[in-house]
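What follows is each chain in one-letter form.
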Amino acid sequence: MSADEAVGTWRSGDTWLELADDGTFDATAWPSEVQCGDDDPRENDVIDFSGTWVVDNEGTNRDLVLRPDDGACERSSITSSVRSDNDLARLCVHPRGSLSGPAENFFTLYQGDPPEIEDPDRCLNY
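Fair warning: this is a prediction, and the values are worked out from it, not measured in the lab.

A word on a negative patch on the surface
Residues D4, E5, D21 and D22 make up a contiguous surface patch of negative charge. On the secondary structure map, D21 appears in the loop between β2 (15-19) and β3 (24-31). Judged by its relative accessible area of 68%, D21 falls in the exposed class.

Okay, structure coming up:
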């Protein structure tokens, strides 16, 4: 994934991630426990925050890295793996903490319209 391909709107339910071409982002209704906190990732608290982003194609996972500004998300970076198939791109973000099964340990955002029925294992397919 190139930086040009990453620009745009990514979403999952009420969560929106807007990646601007100037390297900035705005996250709206982001689950606070998806790499922004240390509690149970199933908590329903949501936060809004902004910062900068980069695509890191150096590794094998084609990572997109978010660097939040000071504020609601206190992490220095949030890393997500980029996956795509059938013309649908997804960001697979691993929350801190653990849920019951490996596929449930990802928060997934989609570029464009999310599928009507999601296969939770898609973030595990490399």
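Continuing now.
Here we look at the pairing of strand β4 (residues 46-56)
Both β3 and β4 contribute to a ladder of six bridges, which runs antiparallel. Opposite D26, over in β4, you have S50 as the bridge partner. Judged from the six bridges that link them, β4 and strand β5 (residues 63-68) form a sheet pairing that is antiparallel. When the bridges of β5 are listed, T52 appears paired with R67.

What counts, and where the lines are drawn
Residues numbered from 1 in each chain as written. Predicted model: local features only at pLDDT ≥ 70, side-chain atom pairs only at ≥ 80, totals over all residues. Heavy atoms only, no water. Patch = residues over 30% accessible without salt bridge, like charges linked within 9 Å, V, L, I, M, F, W, Y side chains within 5 Å. Areas by Shrake-Rupley, 256 points an atom, 1.4 Å probe, with all protein chains shown as cover. Salt bridge = Lys/Arg side-chain N within 4 Å of Asp/Glu carboxyl O. Lys, Arg positive; Asp, Glu negative; His and termini not counted. Charge placed at Lys NZ, Arg CZ, Asp CG, Glu CD. Helix = DSSP H or I, 4+ residues; strand = E, 2+ residues; numbered from the N terminus. Buried < 20%, exposed > 50% of the residue type's maximum accessible area, 1.4 Å probe, protein only. Pairing = 2+ DSSP bridges.

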